Amino acid sequence: MNAYEAGLSHGMHVVHDGPRQAPPLLLIHGSGASGGSWLPMIPALAGRHHVVRIDLPGCGQSPPAASYDVPAIVDRLAALLDGIGLRHMAVAGHSSGGYVATALAEQRPDLVSSLTLISTGPSLDALLPQPWILRVLLGPPVGRLVWSARSDAWIRSGIRATTARAVEVPDELVAGVRGITYGAFRAVLRGNAAYLAERSVPERLASLDVPVLVISGGADPRWDPSSAHRYETVPGARVELLPGIGHIPLLEAPQTTGRLLLEFTAAGADAPSSEA
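Model, not experiment: these values are computed from the prediction.

Criteria and thresholds
- Residues numbered from 1 in each chain as written.
- Predicted model: local features only at pLDDT ≥ 70, side-chain atom pairs only at ≥ 80, totals over all residues.
- Heavy atoms only, no water.
- Helix = DSSP H or I, 4+ residues; strand = E, 2+ residues; numbered from the N terminus.
- Polar contact = N/O pair within 3.5 Å; in protein donor to acceptor, adjacent residues only side chain to side chain.
- Buried < 20%, exposed > 50% of the residue type's maximum accessible area, 1.4 Å probe, protein only.
- Pairing = 2+ DSSP bridges.
- Contact = heavy atoms within 4.5 Å.

A. Unusual backbone geometry, seen in detail. Of note, the phi angle at His 10 is positive, near 55°, even though the residue is not glycine. With respect to the secondary-structure elements, His 10 resides in the loop between strand 1 (3–9) and strand 2 (12–17). Of note, the phi angle at Ser 119 is positive, near 55°, even though the residue is not glycine. Within the secondary structure, Ser 119 sits in the loop between strand 6 (112–118) and helix 4 (132–138).

Shown next as structure tokens:
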């Protein structure tokens, strides 16, 4: 794996992996996480792509932002990509990172060649009752006190509460989660909810001219697994439901998830360009 040029740009920490001349692939993590959530998949992805991993504002090594509304985050992200000089990227988002990915395609279609949404809830009514440890961490006023006292073991327990099988949690992800403040996390959740309340993700995707792959865990404890089928209303969308996998296929089934993503991006690279 060839990692290089890790640094801060437009208020976001960025890490590049893989050959610079390879087709670009942007990876966007979910709420309460960081770019470290993609680590188990990076060796395979970087063998075929110039992989760009970011820590969203207020997450991981990225400083807090004035606004955590999805459109505001996308403005920053688009400016970052313009600065790098990348266009027509394959974009993958995990969980609420899928909202940022979708909004990027809405606001800047020139930057997005395909969308892969992994464990991205389609609408608010698909949200399940959350695991107890997440309810403790998120519920004020106790949540704020517990958040500030979190140990690495607590952070790992919180992450594993959303999985359906035993996983190794990368140290980089734990460190990234530790960098998130309680206030920033709550603001991110409010921004995500506002984005979904305005219009569901399948509705948004149906109005876009972009190939879509949806990967969801068949045992996701955060979102109703059957709700993944709502994406089938999007013309041409491919939906893959992974049996026995929870909310974090990136950690639970990195080989399968990576293979599906690489097959999808390869198919897009081989397709005739609509701009030709």
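B. Looking closely at the side chain of Ser 200. When you line up the elements, Ser 200 lands in the loop between helix 8 (182–198) and helix 9 (201–206). Here Glu 203 takes part through its side chain, which lies 3.0 Å from a polar atom of the side chain of Ser 200.

C. Broad picture of the pairing of strand 3 (residues 24–28). Most of strand 3 sits out of view: 5 of its 5 residues are buried. Neither face of strand 3 is exposed, since Pro 24, Leu 26 and Ile 28 on one face and Leu 25 and Leu 27 on the opposite face are all buried. For strand 3 and strand 4 (residues 50–55), the ladder comprises 5 bridges, and the chain directions are parallel. What sits directly across from Pro 24, in strand 4, is His 50. Across 4 bridges, the pairing between strand 3 and strand 5 (residues 89–94) is parallel. Bridging from a neighbouring strand, Leu 26 pairs with Val 91 of strand 5.

D. Inspection of helix 3 (residues 97–107) at higher detail. Of all 11 residues in helix 3, 9 are buried; the element is thus mostly enclosed. Turning to helix 3, its buried residues are Gly 97, Gly 98, Tyr 99, Val 100, Ala 101, Thr 102, Ala 103, Leu 104 and Ala 105. Check the buried side of helix 3 and you find it contacts strand 3, helix 2 (70–84), strand 5, strand 6, helix 8 and helix 9.

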